[in-house]
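One-letter residues, chain by chain:
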There are 2 protein chains.
Amino acid sequence: MLPIAGAGTPERADAARNRQKIVHAAAKLVAAKGIDGLALDEVAAKAGVGIGTVYRRFPDKGALAQALLDENEREFQEAFISGPPPLGPGAPAAQRLSAFLEKYVDRLETHGELLMVAETETPMARFVTGAYRLHHSHLVALISEIEPEADAHFRADALLAPLAAAQYAYQRQSMTPEQIKAGLRDLYQRT
Amino acid sequence: MLPIAGAGTPERADAARNRQKIVHAAAKLVAAKGIDGLALDEVAAKAGVGIGTVYRRFPDKGALAQALLDENEREFQEAFISGPPPLGPGAPAAQRLSAFLEKYVDRLETHGELLMVAETETPMARFVTGAYRLHHSHLVALISEIEPEADAHFRADALLAPLAAAQYAYQRQSMTPEQIKAGLRDLYQRT
DNA sequence: TCCTTAAGTGGAAGTTTCTCCACTTAGTTA
DNA sequence: TAACTAAGTGGAGAAACTTCCACTTAAGGA
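Report follows, based on the coordinates.

The rules behind each value
- Along each chain, numbering runs from 1 in the same order as the chain's sequence is written.
- The lettering of chains begins at A and the numbering of ligands begins at 1, in the order of writing.
- Reporting of local features is limited, given that this is a predicted model, to residues whose pLDDT is at least 70; pairs of side-chain atoms are given and counted only at 80 or more, and all residues count toward the totals for whole chains, interfaces and linings.
- Side-chain figures throughout are based on the complete set of non-hydrogen atoms in the structure, without hydrogens or water.
- Throughout, near means a residue has at least one heavy atom within 4 Å of the molecule or strand.
- Any pair of nitrogen or oxygen atoms within 3.5 Å is treated as a polar contact; in protein, a donor-acceptor pairing is required on top of that, and neighbouring residues in sequence qualify only through side-chain atoms on both sides.
- Helical segments are the DSSP runs of H or I of at least four residues, strand segments are the runs of E of at least two, and each set is numbered from the N terminus.
- Space inside and on the surface of the protein is sampled on a 1 Å grid over the protein atoms alone, with a cavity defined as a set of points where a 1.4 Å probe fits but cannot get out and a pocket as an open set with protein on both sides within 12 Å along at least 5 of 7 lines; lining residues have an atom within 4 Å of a point.
- Grid points are joined across faces, edges and corners, and a volume is the space filled by probe spheres set on the points.
- Two residues qualify as a contact provided that any one of their heavy atoms is within 4.5 Å of a heavy atom in the partner residue.
- In this description, buried area is defined as the sum, over both parts, of the accessible area (probe of 1.4 Å) that is lost when the two are combined.
- Just to be clear on terms, a salt bridge is a Lys or Arg side-chain nitrogen sitting within 4 Å of an Asp or Glu carboxyl oxygen.
- Axes, fitted as lines to C-alpha atoms, cover a helix only where it is in contact. Angles between the N-to-C directions of the axes lie from 0 to 180 degrees.
- The scheme is simple: roughly parallel for angles under 35 degrees, roughly antiparallel for over 145, roughly perpendicular for 65 to 115, oblique for anything else.
- For a crossing to be left-handed, the near helix must be turned anticlockwise from the far one by less than a right angle; the clockwise case is right-handed.
- Throughout, the ten residues Ala, Val, Leu, Ile, Met, Phe, Trp, Tyr, Cys and Pro are labelled nonpolar, Asp, Glu, Lys and Arg are labelled charged, and all others, Gly among them, are labelled polar.

**With respect to the protein's contact with DNA strand C**
Now for step 1: In the vicinity of DNA strand C, 19 residues are found, and the nearest of them are R12, N18, G50, T53 and R56 of chain A.
Now for step 2: Those atoms of DNA strand C that come within 4 Å of the protein belong to sugar or phosphate at a rate of 67%.
Now for step 3: The contact in question runs from a phosphate oxygen of DNA strand C to an N or O atom on the backbone of G50 of chain A, over 2.8 Å.
Now for step 4: Elements that contribute at least two residues to the surface near DNA strand C include exactly α1 (13-33) and α3 (51-57) of chain A together with α1 (13-33) and α2 (40-47) of chain B.

The following block contains the structure:
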């Protein structure tokens, strides 16, 4: 079980079906016209369900964006938890850390718009996700291994902070992805 | 002239008067019931102007929150530009940097709610402010002095990133302000 | 198979946010 | 002081967001 969704009572079959319909409809609409010009009632219409149903599954646009990112997030998690090195286990912690940050930048490049919506629709949305917690604890493990003395908890947040979608988009105005990667590497390598 | 507002055509006298009325009304409402339960039409009613007028001055709640923070921001800017050391000129750059970060944390403690609204109402709102630019260029100057080789531009953003209101609020759930200050100090001192 | 019940559904109705534009007024020019 | 013009104004109305609840249905006993 991936830690993205908190599993309460399992969904009923019809509900799961509707969730799929909604996500598919949303994906199509996003592909067609971007995320910004996307209203939840439009999604409902396209999916052939009532607005209430959409709101029951996805409290806001951010939650829907998260759902659209779900598959990608899943792959990312598998890659750094159990995939091949240097991202996955097997490589030295420092290399894994570096690989993690670079992969994260790559994701921001390919899915920046969705990540932005997912993170900024609600203040602090980014942090209440299981995804953030997992990324954080992964970094804590790596940092503790590299530098046992450090305040790994804070350091992990500090490394993830520049990777907030909005912050990244801003930096991207004056830097290339490679420069940002270099900057991140620099940030933790000075040990 | 402080760099907070981009000065286009100067405001007409009546418009400036209304801006004052709006800001005062907003300040009262915020004091009475917090920022969250505050609708712009309420502010308009309290200020005795039309909704359209409020929107002309302040495109959204974030802009209004910024206006409420204006005086505090002004004082902060004066303190690190021309105030007494260690925040202002006269102290070694490393000490000034440390003082800046600590002062920033203090502001987050006292004005966190308003800063949150100001920064998160619109994605990237934080970065388009003159305030952010000024903080950034101040840090760039200090960092370049401490460590001429570094990519001061990126480093400055990376130091400001954990000070985003939402990020800070999140970290505050598990750390004291002092721990955060220590973490920040740690972050740049490893030179 | 029937009953029970808790989850799910739709969409009307209530909020809030924001735009738009016909009208008003401050400030300037002759 | 009259005329001009560009900025400012107000609030109706459109659009989006969200809640609510009477009704429906799936799933799991008895």
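Still more ground to cover, so stick around.
**Brief notes about empty space enclosed by the protein**
Now for step 1: Within this structure, the stated rule accounts for 10 cavities of 30 Å³ or more.
Now for step 2: Taken as a whole, the largest cavity spans an internal volume of roughly 360 Å³.
Now for step 3: Together, 25 residues line the largest cavity, and A164 and A166 of chain A together with T120, A164 and A166 of chain B are the ones closest to its centre.
Now for step 4: Going through the elements one at a time, α5 (93-120), α6 (125-128) and α9 (165-171) of chain A together with α5 (93-120), α6 (125-128) and α9 (165-171) of chain B are the ones with two or more residues in the lining of the largest cavity.

**A word on the interface of chain A and chain B**
Now for step 1: Contacts between the two partners involve 32 residues from chain A, matched on the other side by 32 residues from chain B.
Now for step 2: Summed over both partners, the interface of chain A with chain B comes to about 2900 Å²; 61% of that surface belongs to carbon and sulfur atoms.
Now for step 3: Scanning the region where chain A abuts chain B turns up two salt bridges.
Now for step 4: In this structure, the salt-bridge partner of R155 of chain A is D186 of chain B, at a minimum N-O distance of 3.4 Å.
Now for step 5: Our enumeration of links across chain A and chain B arrives at six residue pairs in polar contact (both at pLDDT 80 or more).
Now for step 6: Sorting the residues of the side of chain A that touches chain B by element identifies α5, α6, α8 (152-160), α9 and α10 (177-189) of chain A as the ones contributing at least two each.
Now for step 7: With six residues, α10 of chain A is the single largest residue contributor to the side of chain A that touches chain B.

**Describing the packing of α5 of chain A against α10 of chain A**
The geometry of a pair of packed helices is captured by two quantities: the angle between their axes and the separation between those axes.
Residues and elements named next belong to chain A.
Now for step 1: The interhelical angle for the contact between α5 and α10, taken along N-to-C directions, is 150 degrees, at an axis separation of 10 Å. Looking at the two axes, α5 sits roughly antiparallel to α10. In this structure, the crossing between α5 and α10 has a hand that is right-handed. Of the residues in α10, those touching α5 at A94, L97, S98, L101, E102, V105, D106 and E109 are P177, I180, K181, L184, R185 and Y188.
Now for step 2: Residue composition of the contact of α5 with α10, by class: eight nonpolar, one polar and five charged.

**A few points about the protein's contact with DNA strand D**
Now for step 1: As a structural note, the neighbourhood of DNA strand D is formed by 21 residues, with Y55 of chain A together with R12, N18, G50 and T53 of chain B the closest of them.
Now for step 2: Sugar and phosphate atoms constitute 70% of the interface atoms of DNA strand D, taking the interface as everything within 4 Å of the protein.
Now for step 3: R56 of chain B is positioned with one of its side-chain polar atoms (N or O) 2.8 Å from a phosphate oxygen of DNA strand D.
Now for step 4: Mapped by element, the contributors of at least two residues to the surface near DNA strand D are α1 and α3 of chain A together with α1 and α3 (51-57) of chain B.
Now for step 5: Considering each element in turn, the surface near DNA strand D owes the most residues, five residues, to α3 of chain B.
Now for step 6: Split by residue class, the surface near DNA strand D holds nine nonpolar, four polar and eight charged.

In short, the description is geometric, and any link to function would need to be established separately.
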